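# Understanding the architecture of this molecule
Here's the letter readout for the chains.
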Amino acid sequence: MKKRRLKYGSNSIVLTISIIGIVIILNVLLFNNNARLDMTKNKLNSLSDQTEKVLSDLDKEVKIIGFFKEDSNLLPDIASLLKEYKHETGKITYSLIDLDANPIEARQYGVTEYDTVVVESGDNTIEIPANNFYQVDFRSAQKVFSGEKILTQGIIDATSETQNKVYMIGGHGELSNDKTHWFRKSIKGEGYKLEDLNIAEANGIPEDTDLLVIPGPTKDYTPDEIYHLIQYAEKGGRILLLMQPFEEKEKISNLAMFVSTLGVDLNSNIAIDAQRNAFQDPFSIIPEYKIHPITNELKEAGLAVIMPFSLGLEQSDNIKKGFVPMLSTSSNSWGETNFKTKEPKFDENDDKGPLTVAAYVEKSGKEKPMKAIVIGNAFIATNEIINLNGNEDLLMNSINYLQDKEDKLSIRPKTRQSEPLTLKGNEGNYLFGILVIGIPAIILIIGMVIFIRRKNK
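A few words on the pattern of salt bridges. With the rule as written, the count across this model stands at 13 salt bridges. With a shortest N-O distance of 2.7 Å, Lys165 and Asp208 are connected by a salt bridge. Residue Lys165 is found in strand S7 (residues 165-169), and its partner Asp208 is found in the loop between helix H7 (199-202) and strand S9 (211-215); the two are separated by 43 residues along the sequence. Accessibility expressed as a relative area gives 10% for Lys165, which makes it buried. We classify Asp208 as partly exposed; its relative accessible area is 38%. Among the ionic contacts, a cluster of salt bridges with common partners joins Asp49, Lys53 and Glu297.

Structure (structure tokens):
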């Protein structure tokens with residue numbers, strides 16, 4: 001009996017020592033590798049794909065200084081963020097300073113306000129005020145922290161030697177600056193210099209133009225303006241065109257002709273998709289991704305694009321090769337030609353789907369290849385929905401691709417804002433049937449069975 005107890009006791013000691021040893025080894029491995037697991041949908045607790053690419057490509061030292069007060073609400077978020085940046089690259093150093101206790105250092109950088117962050121690299125200094133770290137969620141009207149996006153933009157600005165010039169065209173009822181505030185801010189945040197352009201007033205397109213953005217015109221261009229656009233395109237210009245549906249294409253005949261010379265015909269319809277849509281609204285399509293470097297990034301990240309009120313596109317006779325569909329509707333879709341209907345139904349006057357709603361075109365130019373992306377939707381650039389799912393990434397990746405910056409194709413940081421559940425097609429009806437009818441019915445049946453059994457005993 002004593003031998004058996006001694007044997008069992010020895011086994012228990014060995015087992016205990018083994019478990020302790022395994023725990024110690026796991027702790028050492030996890031500490032040295034700093035392993036983490038982010039279970040949030042949009043990886044809110046991890047650095048974004050874009051930030052990781054920016055940090056891994058750094059070839060300059062970057063110094064980040066934050067000026068705060070002791071009870072700052074922003075300080076914990078910035079401190080946690082900078083710790084992640086520092087973990088990702090040795091090119092970044094940072095310090096968080098009490099503004100009241102260090103007025104001389106604050107004066108050196110011209111900082112007078114609390115919660116100001118300075119990003120410095122070489123001779124470039126970018127000052128980020130407190131308000132920039134927050135943006136308004138237009139669905140909840142609340143401010144949400146968007147620090148990673150702003151801080152990464154600051155690093156891009158501070159380390160960029162040259163800035164490509166982007167002109168956003170106006171003068172034809174395009175989306176206003178107020179409606180595209182976040183779109184414009186994102187363009188600048190990618191390291192581009194953005195300016196407005198009225199072709200008629202400027203009497204042409206500036207020589208330093210690297211990219212033209214045409215955001216949802218509602219009026220036609222003059223023949224002179226079209227002439228300048230054609231000249232720019234033939235030299236090898238780069239163009240991002242966001243279009244809105246037109247019931248009468250004759251009202252934009254000059255612009256439609258220009259787009260056709262690029263290789264894209266605009267249809268007079270509104271894309272309707274009964275299978276792939278958001279909010280059970282067939283007008284708010286969720287297009288399918290075609291094979292292209294821009295859409296490949298979005299597909300791999302599992303991000304959908306939501307495009308309310310889109311128009312269909314077709315390959316024009318002006319291009320034989322170089323037309324590449326990027327987004328299309330499902331087979332259960334059509335192009336609605338009745339612009340007044342609120343309950344669309346397919347009929348003989350409509351265009352049968354699937355419809356192309358975004359396309360990339362490339363043609364030879366006099367100086368370099370002409371490249372353009374035509375998206376049959378302008379609403380994705382508005383403040384209300386640019387931050388929905390993959391909308392911003394589609395736009396920014398399109399701009400980077402047109403500037404031959406394929407290494408900049410990435411998924412940007414997502415803000416901590418309320419995310420609506422996006423239901424496609426009949427998924428809302430299925431969910432209603434399960435939650436409102438199915439589960440209560442099952443509970444009722446089980447209750448009745450139990451009641452009857454007890455009554456019969």
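Taken together, Asp57, Asp59, Glu406 and Asp407 make up a surface patch of like negative charges. With respect to the helices and strands, Asp407 occurs in the loop between helix H11 (391-402) and helix H12 (427-456). The class for Asp407 is partly exposed, based on a relative accessible area of 47%.

Okay, the environment of Lys320 next. Along the chain, Lys320 falls in the loop between strand S17 (313-315) and strand S18 (323-328). Using a relative accessible area of 70% as the deciding quantity, one classes Lys320 as exposed. Expressed as a C-alpha distance, the spacing of Lys320 and Gly263, which sit 57 residues apart in the sequence, is 8.4 Å.

It is worth spelling out the packing of helix H8 (residues 223-234) against helix H9 (residues 253-262) at this point. Across the interface, H8 lies against H9 with an axial gap of 10 Å and an inter-helix angle of 10°. Between H8 and H9, the angle is such that the two are roughly parallel. Where H8 crosses over H9, the handedness of that crossing is right-handed. On H9, the residues that touch Pro223, Ile226, Leu229, Ile230 and Ala233 of H8 are Asn254, Leu255, Met257, Phe258 and Leu262.

So, on to a nonpolar patch on the surface. Residues Phe432, Ile434, Leu435, Val436, Ile437, Ile439 and Ile443 make up a contiguous nonpolar surface patch of roughly 680 Å² in combined accessible area. Locating Leu435 in the fold gives a position in helix H12.

Core analysis: the biggest nonpolar cluster contains 45 residues, and Phe183, Ile187, Ile375, Leu394 and Leu395 have the highest contact counts within it. With six residues, the single largest contributor to this core is H11. Residues in contact with Phe183, not counting those within four places in the same chain, are Met168, Val213, Leu242, Ala381, Ile386, Leu395, Met396 and Ile399. One finds Leu212, Tyr232, Phe323 and Val374 within the second-largest nonpolar core, a separate group that totals 33 residues.

So, about the packing of aromatic side chains. Enumeration according to the criterion identifies six aromatic pairs in this entry. Geometrically, the ring pair formed by Phe283 and Phe309 is stacked, given 5.3 Å between the ring centres and 25° between the ring planes. Pair noted here: Phe283 is in strand S14 (residues 281-285) and Phe309 is in the loop between strand S16 (307-308) and S17, with a separation of 26 residues, a long-range link. On the basis of relative accessibility, which here comes to 37%, the residue Phe309 falls in the partly exposed class. Note on Tyr360 and Tyr401: the rings are 5.3 Å apart at their centroids and 85° apart in plane angle, and the pair reads as edge-to-face. With a gap of 41 residues between them, Tyr360 in strand S21 (residues 356-363) and Tyr401 in helix H11 connect regions that are remote in the sequence. Classification of Tyr360 by relative accessible area gives buried; the value is 4%. On the basis of relative accessible area, Tyr401 is assigned to the buried category, the value being 12%.

Right, let's get into unusual backbone geometry. Note the cis peptide between Gly353 and Pro354, where omega equals 5°. Residue Phe279 is not a glycine yet carries a positive backbone phi of 60°. Counting through the fold element by element, Phe279 comes out in the loop between strand S13 (277-278) and S14. Judged by relative accessible area, Phe279 falls into the partly exposed class, the value being 45%.

Time to look at the sheet that holds strand S2 (residues 92-98). The strand order across the open sheet built from four strands is S2-S1-S3-S4, with neighbouring strands paired in mixed fashion. Sheet topology places S2 and strand S4 (124-128) at the edges, where each strand pairs with a single neighbour. Averaged over all adjacent pairs, the angle separating strand axes in this sheet is 15°, with direction ignored. Inspection of the sheet shows strand S1 (residues 62-68) paired to strand S3 (residues 116-121) by five bridges, in the antiparallel sense.

This paragraph deals with the pairing of strand S12 (residues 270-273). Residues Ile270 and Ile272 line one face of S12 and the alternating positions Ala271 and Asp273 line the opposite face, and both faces are buried. Note: S12 against strand S19 (residues 333-336), four bridges, orientation antiparallel. Within the sheet, the bridge partner assigned to Asp273 lies in S19 and is Ser333.

Here we come to the sheet that holds S19. Strand pairs in the sheet, formed through backbone hydrogen bonds, run parallel or antiparallel to each other. The three strands are arranged S12-S19-S20 in an open sheet whose pairing can be described as antiparallel. Bordering the open sheet on either side are S12 and strand S20 (351-352), each of which pairs with just one other strand. Pairing geometry for S19 and S20, over two bridges, is antiparallel. Across the sheet, Gly335 pairs through a bridge with Asp351, a residue of S20.

Conventions used here
- Residues numbered from 1 in each chain as written.
- Predicted model: local features only at pLDDT ≥ 70, side-chain atom pairs only at ≥ 80, totals over all residues.
- Heavy atoms only, no water.
- Salt bridge = Lys/Arg side-chain N within 4 Å of Asp/Glu carboxyl O.
- Helix = DSSP H or I, 4+ residues; strand = E, 2+ residues; numbered from the N terminus.
- Buried < 20%, exposed > 50% of the residue type's maximum accessible area, 1.4 Å probe, protein only.
- Patch = residues over 30% accessible without salt bridge, like charges linked within 9 Å, V, L, I, M, F, W, Y side chains within 5 Å.
- Areas by Shrake-Rupley, 256 points an atom, 1.4 Å probe, with all protein chains shown as cover.
- Lys, Arg positive; Asp, Glu negative; His and termini not counted.
- Charge placed at Lys NZ, Arg CZ, Asp CG, Glu CD.
- Axes fitted to C-alpha atoms, helices over the stretch in contact; angles between N-to-C directions.
- Parallel < 35°, antiparallel > 145°, perpendicular 65-115°, else oblique.
- Left-handed = near helix turned anticlockwise from the far one by under 90°.
- Contact = heavy atoms within 4.5 Å.
- Core = buried A, V, L, I, M, F, W, Y, C linked by side-chain atoms within 4.5 Å.
- Phe/Tyr/Trp six-rings, centres within 6.5 Å; stacked < 30°, edge-to-face > 60°.
- Pairing = 2+ DSSP bridges.

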